[in-house]
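Understanding the architecture of this molecule
Chain by chain, the residues run as shown.
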Amino acid sequence: MTAPLDVLVVGAGPTGLALATQLRAYDTPFRIVDRSLDRARESRAPAIQPRTLEMLAGFGVTDALVERGSTAVRLHLHLPRRELRVPVFDVGCEDTPYPFLLFLPQSETEAVLTARLAARDVTVERGTELVSTERDGGYVSCRLRCPDGSQETVRARYVVGCDGAHSTVRTQAGIAFEGHAYPQTFFLADLEVEGLEPGAAHTYMTAAGMLFFFPLGTPATWRMIAMRPPDLRGGEVTLSLLQQLVDDWTTDRAWHDDHRLILRDPVWMTAFRIHNRGATHYRNGPFFLAGDAAHIHSPAGGQGMNTGIQAALNLGWKLAHVCRGASPEELLETYEAERAPVGHAVRRLTDRAFALGASGNPALRLARSHLAPRLAPLLLRTTRPRARLFRTVSELGLHYRRGPASITGPHRPRQGPRAGDRLPDDPPGLHQHTAAPGYHLLLTGPAHLWPSAVPAGGRHDLLSVHHLGTDSPWPDVTHALVRPDRYVGYVAGGNDLTGLRTYLERWLPGLAP
């Protein structure tokens, strides 16, 4: 039997790889296994949201992702008899260094994360399957089946299931997975399309449903997603079947023949069903769930992979701090308290979007074909609804204000981020200054109001101090503690640090050797 681990990560998709990347940044002893012999080669989840790019930036992978991907800042909404060109990143994105939606195949995302781990001497153990688990004192004994068929027993303090909708970890933990499947079947294909303007996402809204084309670049120029009409004949997904669907859904728009969309050179085509399910708990003792193991839902809005990665980066630093003795076990309880509401909200949001775009309800069919062309131009003229939608979909507006680790001290600042809010990149470059692992204490206001050395007790390797002066997210004299995932944990007005010390004694009392 090998030496005990702190964490066993099961599943090496984007969620598991992101978790492993964060654990490695904290030098936490872990292993990451996946029963698949190879990483994903299909594009699968094609979109990375701005907040995900922000959170990954501190680990040195975001630049590589952006370099490989295709950025889109506008949407072409094709409605019956009209087309609207919608700028989707012109409002609500002033405080992020990534004001765009990055289209990148999941296979490329996994390749970048895997390469980062390899550069840090971490090997993803492919073809290794978790067979069973058994609690053993303060550890979990995990039986693994290796690629050659042999078995190995590994002891770990914590086991994190990033192993998808059919999660073995979730089953072993005894956590239920509740929800339902939608009756519709969908088509997905990566291919070439003649007749689409490049550099934008395209959505076709019809009475029958919605048709999407997203710019990928690789392994093909476009990703196509469409609902299969109930009366569409044919079993196997073929190029001719997809062409028939596209013709049926786009020829009633009074277009000329030269606007016909021509599909060709498919790289990948498949049919799939969509479920809306969620785990009843995200933790049971030493077992944790993240990504599709915790919730699955409609791909509407490109939330799935992004929610999983952000959950992993919420959990990773907490595991690292607890395992090194720097934080109490209580910190791990905040994972479900913070992330379960996010999972529930995403499931509700995607369920409503799915109903709007795919439901066969006569009222919704009428709305798509007749009301949308009339109302959409009016709604898109106002910036506030678009900004609010962008903040929601991009996940920049996500917060943990009601979480147990979000505390507001005396004299709450009148403006600026509140406890539990994401730290904005304001002034530009603030994210880069706070990218290193650990907590970051931000001191604002004139320098003479702060002591030359802010005492941090024995936490100097876990806490960095930054004097921002008057150029900061808060206009007044303020001190704020930013967590390792770049959310504000504590904020207070003035320069009395008593409340800050109390916060640190609760959540960061330990001293690493």
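Up top is the structure.
These remarks concern the structure in this document. (Residues numbered from 1 in each chain as written. Predicted model: local features only at pLDDT ≥ 70, side-chain atom pairs only at ≥ 80, totals over all residues. Heavy atoms only, no water.)

**Points about the sheet that holds strand 3 (residues 47–48)**
For the record, the criterion: A strand pair is defined by DSSP finding two or more bridges across the two strands. Numbering goes from the N terminus for both helices and strands, where a helix is a DSSP run of H or I of at least four residues and a strand is a run of E of at least two.
Read from one edge to the other, the open sheet built from three strands follows the order 3-7-4, with strand pairing classed as antiparallel. Two strands lie at the open edges of the sheet, namely strand 3 and strand 4 (70–72), each paired on one side alone. In terms of strand pairing, strand 4 meets strand 7 (residues 101–103) through three bridges, oriented antiparallel. Bridge pairing in strand 7 links Ala72 to Leu101.

**Quick look at the side chain of Asp34**
The condition that has to hold: The term polar contact refers here to a pair of N or O atoms within 3.5 Å; inside protein, the definition further demands a hydrogen-donor-capable atom paired with an acceptor-capable atom, and it admits residues adjacent in sequence only when both atoms are side-chain atoms. Only heavy atoms enter the contact rule, under which two residues are in contact if any of them lie within 4.5 Å.
Secondary-structure assignment places Asp34 in strand 2 (residues 30–34). Only 2.6 Å separates the side chain of Asp34 from the backbone nitrogen of Ala12, close enough to count as a polar contact. Looking at Asp34, its side chain comes within polar contact range of the main-chain nitrogen of Ser36, at 2.8 Å. With near-sequence residues (within four places) excluded, Asp34 lies in contact with Gly11, Ala12, Gly13, Glu125, Arg126, Gly127 and Thr128.

**Thoughts on the pattern of salt bridges**
Keep this limit in mind: For salt bridges, the criterion is a side-chain nitrogen of Lys or Arg within 4 Å of an Asp or Glu carboxyl oxygen. In this scheme, a residue with accessible area under 20% of its type's maximum is buried, one over 50% is exposed, and one in between is partly exposed, where area comes from a 1.4 Å probe on protein chains only.
Enumeration over the complete set of coordinates arrives at 24 salt bridges. Between Asp34 and Arg126 there is a salt bridge, with its nearest N and O atoms 3.8 Å apart. Of this pair, Asp34 sits in strand 2 while Arg126 sits in strand 8 (residues 125–126), and the two are 92 residues apart along the sequence. Residue class for Asp34 comes out buried when judged on its relative accessible area of 11%. Classification of Arg126 by relative accessible area gives buried; the value is 18%. For Arg51, the salt bridge is made with Glu54, and the minimal N-O distance between the two is 2.7 Å. One end of the pair, Arg51, and the other, Glu54, are both in helix 2 (residues 50–57), three residues apart, so they sit about a helical turn from each other. The structure contains a network of salt bridges with shared partners spanning Arg51, Glu54, Asp95, Arg391 and Arg422.

On their own, these measurements won't tell you what the molecule is for.
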